Amino acid sequence: MTDMTHPQTTTRSTPMPEAMRVLLQDYPRDSWQAHPGFHENTRHWLGAHQMFRQLGELVQREAETYLDKGRSDDTFAAHLSYYGDALVRNLHGHHGWEDHSYFPELCAADPRFEAGLEILEQDHADLDAVLDRFTRAANRTIQLIQLDPAAVRAEVGGLHTEAKAINAFLARHLGDEEDLAVPIILHHRLRG
Ligand SMILES: [Fe+2]
Ligand SMILES: [Fe+2]
């Protein structure tokens, strides 16, 4: 049941304003890789996003496999603790760096896009709440596997819901972020 004093964070439902997408028209996705301003660090940044998508899908699938009785308790606990921790820890590090270093650099290069960068920064704060809920559910699940195996399945249902929320969030946030940031980098030849 939703606690109305602390409403559950949901994925941003509004798309980026059209004004934030003007450079994307000049630098469409299929032109990025061949552009002379597309350098290794942008490739790595996009690669990190790909890793987050894969880890998010993996933890969601692990919960589904467990609920379908396709994983032993111990294997599930090991996978959840390894991949869940990797997902949450790397996302926190990535967002902190974007908020404090990457976004200010993009904003200084092209202040037209400040409003879009602020939307992305707010996404990070909202996603933090989802990641915290996921972390709590994962820790409870791992504890129950040790202390009360009969109660694990109910907890994994909630964990699965949180994993799906992370993936919905990432689907919205990462795509919007790439569409905003990469054209700025190419246009202003940043991070070369
Ligand atoms: Fe981000
Ligand atoms: Fe990012």
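The coordinates are above.
The following paragraphs examine the structure supplied in this document.

What counts and what doesn't
- Residues numbered from 1 in each chain as written.
- Chains lettered and ligands numbered in written order.
- Predicted model: local features only at pLDDT ≥ 70, side-chain atom pairs only at ≥ 80, totals over all residues.
- Heavy atoms only, no water.
- Helix = DSSP H or I, 4+ residues; strand = E, 2+ residues; numbered from the N terminus.
- Donors = N, O, S within 2.8 Å, 3.2 Å for Na, K, Ca; no water.
- Tetrahedral: all angles 85-135°; square planar, octahedral: opposite > 155°, others 65-115°.
- Buried < 20%, exposed > 50% of the residue type's maximum accessible area, 1.4 Å probe, protein only.
- Phe/Tyr/Trp six-rings, centres within 6.5 Å; stacked < 30°, edge-to-face > 60°.
- Expected span 1.5 Å × (residues − 1).
- Bend = angle between axes of the 7 residues up to and from the residue.
- Contact = heavy atoms within 4.5 Å.
- Salt bridge = Lys/Arg side-chain N within 4 Å of Asp/Glu carboxyl O.

## Here's the deal with unusual backbone geometry
Logical step 1: One non-glycine residue, K69, lies in positive phi territory at about 65 degrees.
Logical step 2: Here K69 shows up in the loop between helix 2 (40-67) and helix 3 (73-109).
Logical step 3: Residues other than glycine seldom take positive phi values, yet R189 does so here, at roughly 50 degrees.
Logical step 4: As for its position among the elements, R189 is in the segment after helix 5 (152-188).

## As for the coordination of the iron ion (ligand 2)
Logical step 1: In this structure, H49 (NE2), H94 (NE2), E98 (OE) and E177 (OE) serve as the protein donors to the iron ion (ligand 2), at separations of 2.0 to 2.2 Å.
Logical step 2: Relative to the metal, the four donor atoms surrounding the iron ion (ligand 2) lie at angles of 78 to 170 degrees, and the coordination shape comes out irregular.
Logical step 3: A separation of 3.2 Å is found between the iron ion (ligand 2) and the iron ion (ligand 1), which are bridged by E98. With H94 in helix 3 and E177 in helix 5, this residue pair connects regions lying 83 residues apart in the sequence.
Logical step 4: Take H94: its relative accessible area is 10%, and that puts it in the buried class.

## So, the packing of aromatic side chains
Logical step 1: All chains considered together, the criterion is met by five aromatic pairs.
Logical step 2: Feature note: the residues W45, W97, Y102 and F103 constitute an aromatic cluster, connected by ring pairs.

## Things to note about helix 3
Logical step 1: Between its first and last C-alpha, helix 3 extends 51 Å over 37 residues, near the 54 Å set by a 1.5 Å rise per residue.
Logical step 2: The principal kink in helix 3, of about 50 degrees, is found at E98.

## Comments concerning the environment of R153
Logical step 1: When you line up the elements, R153 lands in helix 5.
Logical step 2: Spatially, the C-alpha atoms of R153 and R189 are 51 Å apart, while their sequence positions differ by 36 residues.
Logical step 3: In contact with R153, other than residues within four places in its own chain, are Y66, L67 and K69.

## Brief notes about the pattern of salt bridges
Logical step 1: Summed over the entire model, instances satisfying the criterion amount to 14 salt bridges.
Logical step 2: Here R29 makes a salt bridge to E178, at a shortest N to O gap of 2.8 Å. Of this pair, R29 sits in the loop between helix 1 (22-26) and helix 2 while E178 sits in helix 5, and the two are 149 residues apart along the sequence.
Logical step 3: Between E162 and R133 there is a salt bridge whose closest N-O contact spans 3.1 Å. Of this pair, E162 sits in helix 5 while R133 sits in helix 4 (residues 114-147), placing them 29 residues apart in sequence.
Logical step 4: Classification of E162 as buried rests on a relative accessible area of 12%.
Logical step 5: Overall, the relative accessible area of 13% leaves R133 in the buried class.

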